[in-house]
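Chains, contacts and geometry: an overview
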Amino acid sequence: MVKVSVIVPVYNTERFLEKCLESILSQTLQEIEVICVDDGSTDKSGELLEAYSKKDPRIFVLHKGNGGLVSSRKAGLAKASGEYVGFVDSDDWIEPRFYGRLYQAAITGKADLVSTDLIHEGAYSSVSADAVEAGVYQAERMDLLRDHAILELQKHDKGLSGSLCTKLFRRKLLGRILPQIPDGITVSEDKITSLTYLLECDTAVILHEAYYHYVLHPASMFHKENTDYLLNMHRVYQYFRTLYTHPHFTDAMRLQAELYVVQFLIKGINSQMGFSFRNLFWIDPYWLKELPEGSRILLYGAGELGETYLRQ
């Protein structure tokens, strides 16, 4: 019996693929299947996947034309047979007890969803924790979790991480949710998928434990120029609007959703629109009025924001 189906969308990640796959195959939970979806890679990713499938019968490889992350996840889910489903990005890696721990929590809590924290791997490692309390959520507590899922306003934090890769989903329920997500959404697709799922699930387990390593690369999304960014965020906003009438989608969630969109608009305009200057916001220097004329000012930091203050 397959306990967990691990879906790995792959697109031109041959440099990182071996470490990713080895980490999945080294799981202490042995009753897994690994469904690798080659999304039209033009490097040697497809060949590497085929070689791995010959070495380990738990690996299945699907080749498809390039259609993006959402379509790859849908293709993988269609082939999955496990009781639960997890996702791993092909340039990341996981610790050996990751799926064993999540599956144990799912079975013990009879959960539709298990969510964990995230380890960022860049110049240094850091843990990104959910801004919701650990524990089992069901009945009225599920309403509480949903009300803090998009943003945690009191803590000025993200709420529940949208990442699909830090979570375990009940396959049958996910099979009803994932087809609703438009293939054309290429920004915040994780957030809207996990949120839609959360609206439908009855029991969730939140663990403040971290086993998934999210590797930051210079070529990651927010380093790329994307002149269609505003159009992409428009699609996200339009999808959010389809959720407003859901019986579990509250007024508090709508406020958070709209603040979330505003945050991403600001972040994207600053970093992705392809402008010559990446920080074009005029910062109101109201604090200057409080200083005596002729005062010396020390600006801490020489980044783009500091340079903006200096110009003003």
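Residues numbered from 1 in each chain as written. Predicted model: local features only at pLDDT ≥ 70, side-chain atom pairs only at ≥ 80, totals over all residues. Heavy atoms only, no water.

Re the overall build of the chain
If you tally the helices and strands in the chain, you get 10 helices and 10 strands. Residues classed as buried in the chain amount to 47% of the 312 residues present. Restricting to contacts in the chain with at least 6 residues of sequence separation, those with at least 24 account for 80%. Accessible surface computed for the chain: about 16100 Å², of which carbon and sulfur atoms make up 55%. (Helix = DSSP H or I, 4+ residues; strand = E, 2+ residues; numbered from the N terminus. Buried < 20%, exposed > 50% of the residue type's maximum accessible area, 1.4 Å probe, protein only. Contact = heavy atoms within 4.5 Å. Areas by Shrake-Rupley, 256 points an atom, 1.4 Å probe, with all protein chains shown as cover.)

Section: the packing of aromatic side chains
Across all of its chains, the model carries 9 aromatic pairs by this definition. Aromatic side chains Y244 and F249 sit 5.4 Å apart centroid to centroid with 45 degrees between the ring planes, which places their arrangement in the tilted category. Overall, Y244 belongs to the buried group, its relative accessible area being 14%. What makes F249 buried here is its relative accessible area of 8%. (Phe/Tyr/Trp six-rings, centres within 6.5 Å; stacked < 30°, edge-to-face > 60°.)

Quick notes on the pattern of salt bridges
Evaluation of the coordinates by the stated rule reveals 9 salt bridges. Linking K3 and E31 is a salt bridge whose minimum nitrogen-to-oxygen distance equals 3.7 Å. One end of the pair, K3, is in the segment before β1 (4-10); the other, E31, is in the loop between α1 (14-25) and β2 (32-39), and 28 residues separate them in sequence. (Salt bridge = Lys/Arg side-chain N within 4 Å of Asp/Glu carboxyl O.)

Digging into helix α7 (residues 189-200)
Helix length check: α7 (12 residues) gives 17 Å between terminal C-alpha atoms against 16 Å at 1.5 Å per residue, within 8%. Summarising burial for α7: 11 of the 12 residues are buried, a large majority. For α7, the complete set of buried residues consists of E189, D190, K191, I192, T193, S194, L195, T196, Y197, L198 and L199. (Expected span 1.5 Å × (residues − 1).)

Describing the pairing of strand β6 (residues 113-121)
For β6, the buried fraction is high: 8 of the 9 residues fall into the buried class. Looking at chain direction, β6 and strand β9 (residues 167-170) are connected through 3 bridges and run antiparallel. What sits directly across from L113, in β9, is F169. With 8 bridges connecting them, β6 and strand β10 (residues 203-215) associate as parallel partners. Note on β10: the bridge partner recorded for I119 is H213. Examined bridge by bridge, β6 and strand β7 (residues 125-128) share 4 bridges and lie antiparallel to one another. In the strand pairing of β7, E121 is matched with S125. (Pairing = 2+ DSSP bridges.)

Details of the environment of G46
The topology assignment puts G46 in helix α2 (residues 45-55). Judged by relative accessible area, which is 12%, G46 ranks as buried. A sequence separation of 15 residues divides G46 from V61, and the C-alpha atoms of the two residues are 8.5 Å apart. When residues no more than four places from it in sequence are discounted, the contact partners of G46 are D38 and H63.

With respect to helix α4 (residues 98-109)
Between its terminal C-alpha atoms α4 stretches 17 Å, which fits the 16 Å expected from 12 residues at 1.5 Å a residue. Along α4, the residues classified as buried are F98, Y99, R101, L102, Y103, A105, A106 and G109. Taken from the residues just after α4, K110 is the one with a positive phi, measuring 50 degrees.

Description of empty space enclosed by the protein
Under the defined criterion, the tally for this structure stands at 1 cavity of 30 Å³ or more. The computed volume of the largest cavity comes to approximately 60 Å³. In terms of residue class, the lining of the largest cavity is built from 5 nonpolar, 3 polar and 1 charged. (1 Å grid on protein atoms, 1.4 Å probe; cavity = no way out; pocket = protein on both sides within 12 Å on 5 of 7 lines; lining within 4 Å. Points joined across faces, edges and corners; volume = space filled by probe spheres on them. Nonpolar A, V, L, I, M, F, W, Y, C, P; charged D, E, K, R; others polar.)

Nothing here speaks to function; it is all geometry.
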